[in-house]
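The chain contents come next:
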Amino acid sequence: QVQLVESGGGLVQAGGSLRLSCAASGRTFSTYKMGWFRQAPGKERDLIATIRGNGGSTYYADSVKGRFTISRDNAKNTVYLQMNSLKPEDTAVYYCATLSPYSVPPQAQAWGQGTQVTVSS
């Protein structure tokens, strides 16, 4: 089964930018639809972005649309989340996950360990 490891989190000032990475094991990475989720303390884990295996058909939650960009490099088995114009309300633990291909909303199958993003006001 695929293993996922997130990195790139940290402390950033409001208005700043951060890029998260999710490195995947295996040789079938390009077959997986991938997603980024985030979870703030005491809150539900929410889907914020998805991308198909071929890099098309991206989705963004309204809360991040226009500020965040999901991308992938299948040659490197890596998914990225570029986060711009960060707000304090973006503070959360961010997780990447493989997703079932056709369910709506997409269902996570395998999770990374998460990386903390903290945005100061």
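Report on the accompanying structure. Just so we're clear, the structure is a prediction, and the values are computed from it rather than from any experiment.

**Here we look at the state of the cysteines**
Evaluation of the coordinates by the stated rule reveals one disulfide. Put simply, C22 and C96 are joined by a disulfide, and their sulfur atoms are 1.9 Å apart. Measuring handedness by torsion sign, the sulfur bridge of C22 and C96 sits at about 60 degrees and is right-handed. Here the residue C22 occupies a position in strand β3 (residues 18-24), and C96 occupies one in strand β9 (residues 92-99), the gap between them amounting to 74 residues. The two residues C22 and C96 agree in class, both being buried.

**Digging into the environment of V117**
Among the structural elements, V117 can be located in strand β11 (residues 115-120). V117 gets classed as buried once you look at its relative accessible area, which sits at 0%. When the C-alpha positions of V117 and G8 are compared, they lie 8.5 Å apart, and in sequence the two are 109 residues distant.

**A short note on the sheet that holds β3**
Through backbone hydrogen bonds, the strands of a sheet pair up, either in parallel or in antiparallel fashion. Taking strand neighbours across the sheet as the criterion, the four strands line up as β1-β3-β8-β7 in an open arrangement whose pairing is antiparallel. Across the chains shown, the open sheet's two edge strands, defined by having one partner strand only, are β1 (4-7) and β7 (68-73). Looking at each pair of strands side by side, their axes are set apart by 15 degrees on average, direction ignored. Pairing between β7 and strand β8 (residues 78-83): six bridges, direction antiparallel. Counterpart to R72 in the pairing with β8 is V79.

Calculation notes
- Residues numbered from 1 in each chain as written.
- Predicted model: local features only at pLDDT ≥ 70, side-chain atom pairs only at ≥ 80, totals over all residues.
- Heavy atoms only, no water.
- Disulfide = S-S within 2.5 Å.
- Helix = DSSP H or I, 4+ residues; strand = E, 2+ residues; numbered from the N terminus.
- Buried < 20%, exposed > 50% of the residue type's maximum accessible area, 1.4 Å probe, protein only.
- Pairing = 2+ DSSP bridges.
- Axes fitted to C-alpha atoms, helices over the stretch in contact; angles between N-to-C directions.

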